[in-house]
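Descriptive structure summary
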Amino acid sequence: MAKILIGTYEATIYPEGNGYTGAISLGFGPDGKRQRVKRKGRTKAEVKTKLIEAVKELESGVKSSDKYTVRDAVEDWLSKGLKGRSAGTVGKLTTLARKHVIPLIGKEKLKRLTADQVDEWLDGLTGDLSTRTLGEVHAILKRAIRQAQARDLVLRNVAELVQTPTGKEGRPSKALTQQQADAVLQSAKSSPLHAYVVLSLTTGIRTEEARALRWDHVVAWDKTAKGWRAVTDVGFKHERFAIYVWRADRVTGDTKTPKSRRTLEIPKLAAEALRQHHARQAVARLKAGDAWQENGLVFCTSVGTPLDAHNVRRSFRAITRQAKVGEDWTPRELRHSFVSIMSANDVPLETIADLVGHAGTRVTEAVYRKQLKPVITKGAETMNAVFGTGKTRKRKSA
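What you are looking at is a predicted structure, and each value in this text was computed from that prediction instead of being measured.

Some thoughts on the side chain of Glu333
One can find Glu333 in helix H12 (residues 333-344). When neighbours within four sequence positions are excluded, Glu333 is seen to be in contact with Arg171, Pro172, Ser173, Lys174 and Asp328.

As C-alpha cells, this is what we get:
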C-alpha cells in the first residue's frame, strides 16, 4: 500500500482485483463512520490522475458524476435554461440540439469532455451548416455546460475554449426587382396574405412587427380633430393613414430595439389593401361564430389567433411561385426589397434607416449593403467625375 499526499489530502493506492484502488480520507462523518473518496484504475498512474481530479473537485465544491453525459447537460438546459423564451425560439433550439448536438457528442461524459473533442465535433459540421447556424449550435453546448457549472456538476467549460469554425456559405438575403415586386403584388391579390405582403413591401416593417400589428394601431388623419385616430373608430373614409409600429411578435411584445418603435405613414396602395382586408376579416369573424378569438390583430388566422411564422413563410412561397419569381424567397426579404426600392429612388440613407427602425445608418449599411447600390457607388461615381480617367480627366485651372 503506497501513501501519497495530494494537496492537503492524504491518499493511499493499493492493489485490488485486476488493477488498483486509490482512496482519499475525508475524516469521519456525523455518524462516526469514516468517509473516503475512492477511484479505480488499471495502473497506479491512472489511479493517481483520478485522485488528483477528485481533489480538484473537492476543493472547488464540484460534485461531478461519471454517469452525467453531455446529453444530460443539454437536456437539462432545454428543460430549465430557456425560461421566458418564445415558443418559436425554444422549438428552434430544441431542434438544433437534438439534430446536431445530442446525436454527435451526447454520449461523452461531461467531466471527460475535452476541447479537442468539441473542435472535432464542430469541424465535422462545417460542410453541412452555415457559419451562423454553427455559432448557434456551439452556443447551445456552451450554455448547457455553463448551467452544469452553476449546479456544481462540472469544473470547467471546455466549449468556451473553442472558437466556432467557418461553415458553408449561407444563402444571402436578396431583394425583388421592381418588375418582380409588381408580379408578387399582382399574385398576392388572390391570397389571404395580400395586405400583409403589400404593407411589408411598401413600409419595410419586420415580419414580427407585421404579425403583431393591431387594428387600433392602424390610424387615419382626422382633419376635423387634427390628429391621428384609429380606423376602428373613424373607418377608412380618409385621405391619409399610418401605422403605429409599437409591438412585435417577441416574448416581451416589444419591438426589437427602442428605435424600432416608430410611426409610419403608409402609401395609398397599403391603405386600400388594409381596407379590403378589414372587410374580409369582418366576414371571417361572422363565419367563425363562437370559435372566433378576438385579439385585435390585423393579420390572424381564420379564427382570430396569431399567425405562425412558418405558415406565413409557406404562404409567401406560394405567392412567389405563382408570380414566377421562384420559391426561394422569405417574407423578411420584402423588407430588403423595400430598402432596395427606396435606395434606387435616391432616398437618403439616413431616411431609410429611420423608416426601417435602425438607430443609425451603420446597421442599415451592414445588413442591407447589397440593396444600397446608389449609396455604395456614389463615392466612386463622384471621384470619377472629379478626377476622371485618361483623356476624360478634367482639371481646374489654378
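A closer look at empty space enclosed by the protein
Within this structure, the stated rule accounts for 1 cavity of 30 Å³ or more. Taken as a whole, the largest cavity encloses approximately 40 Å³ of empty space. For the lining of the largest cavity, the secondary structure elements donating two or more residues are helix H8 (207-212) and strand E7 (241-245). In terms of residue class, the lining of the largest cavity is made up of 6 nonpolar, 1 polar and 2 charged.

Examining the layout of surface pockets
The computed volume of the second largest pocket comes to approximately 450 Å³. Lining the second largest pocket are 19 residues, and of these Pro192, Cys300, Thr301, Ser302 and Leu307 sit closest to its centre. Going through the elements one at a time, helix H10 (268-288) and helix H11 (309-322) are the ones with two or more residues in the lining of the second largest pocket. When residues of the lining of the second largest pocket are assigned to their parent elements, the largest contribution, 4 residues, is made by H10. Residues of the lining of the second largest pocket, tallied by class, amount to 10 nonpolar, 7 polar and 2 charged.

A few points about the packing of helix H6 (residues 178-188) against helix H7 (residues 194-203)
Taken N-terminus to C-terminus, the directions of H6 and H7 make an angle of 155°; their axes are 8 Å apart at the nearest point. The pairing of H6 with H7 is recorded here as roughly antiparallel in orientation. Considering the relative orientation of H6 and H7, their crossing is left-handed. Here H6 contributes Ala181, Val184, Leu185 and Ala188 to the contact with H7, which in turn contributes His194, Val197, Val198 and Leu201. The residue makeup of the contact of H6 with H7, split by class, is 7 nonpolar, 1 polar and no charged.

Quick look at a positive patch on the surface
Residues Lys3, Arg34, Arg36 and Lys38 make up a contiguous surface patch of positive charge. Sorting elements by how many residues they give to the positive patch places strand E4 (residues 34-41) first, with 3 residues. With respect to the secondary-structure elements, Lys3 resides in strand E1 (residues 2-6). Looking at Lys3, the relative accessible area reads 60%, which means it is exposed.

A closer look at unusual backbone geometry
Of note, Lys226 is a non-glycine position whose phi angle comes to about 55°, a positive value. Inspection of the secondary structure puts Lys226 in the loop between strand E5 (218-222) and strand E6 (227-230). Positive phi values are uncommon outside glycine, yet Asp346 reaches one of about 65°. Checked against the element boundaries, Asp346 lands in the loop between H12 and helix H13 (349-356).

Description of the pairing of strand E2 (residues 9-16)
Looking down a regular strand, the side chains alternate between one sheet face and the other. Of the pairings in the sheet, the one linking E1 to E2 comprises 5 bridges and is antiparallel in character. Residue pairing for E2: Ile6 is matched across the bridge by Tyr9. Connecting the antiparallel pair E1 and E2 is a turn made up of 2 residues, with Gly7 showing a positive phi of about 65°.

Thoughts on the packing of helix H4 (residues 115-123) against helix H5 (residues 131-150)
Angle between the axes and distance between the axes are the two parameters that describe a pair of packed helices. Close contact between H4 and H5 brings their axes to 11 Å; oriented N to C, the two are set at 150°. By the angle class used here, H4 and H5 are roughly antiparallel. The two elements H4 and H5 meet at a crossing, and its hand is right-handed. Between H4, through Val118, Trp121 and Leu122, and H5, the contact on the second element is made entirely by Leu134, Val137, His138 and Leu141. Residue classes in the contact of H4 with H5 are distributed as 6 nonpolar, 1 polar and no charged.

How each quantity is defined
Residues numbered from 1 in each chain as written. Predicted model: local features only at pLDDT ≥ 70, side-chain atom pairs only at ≥ 80, totals over all residues. Heavy atoms only, no water. Helix = DSSP H or I, 4+ residues; strand = E, 2+ residues; numbered from the N terminus. Contact = heavy atoms within 4.5 Å. 1 Å grid on protein atoms, 1.4 Å probe; cavity = no way out; pocket = protein on both sides within 12 Å on 5 of 7 lines; lining within 4 Å. Points joined across faces, edges and corners; volume = space filled by probe spheres on them. Nonpolar A, V, L, I, M, F, W, Y, C, P; charged D, E, K, R; others polar. Axes fitted to C-alpha atoms, helices over the stretch in contact; angles between N-to-C directions. Parallel < 35°, antiparallel > 145°, perpendicular 65-115°, else oblique. Left-handed = near helix turned anticlockwise from the far one by under 90°. Patch = residues over 30% accessible without salt bridge, like charges linked within 9 Å, V, L, I, M, F, W, Y side chains within 5 Å. Areas by Shrake-Rupley, 256 points an atom, 1.4 Å probe, with all protein chains shown as cover. Salt bridge = Lys/Arg side-chain N within 4 Å of Asp/Glu carboxyl O. Lys, Arg positive; Asp, Glu negative; His and termini not counted. Charge placed at Lys NZ, Arg CZ, Asp CG, Glu CD. Buried < 20%, exposed > 50% of the residue type's maximum accessible area, 1.4 Å probe, protein only. Pairing = 2+ DSSP bridges.

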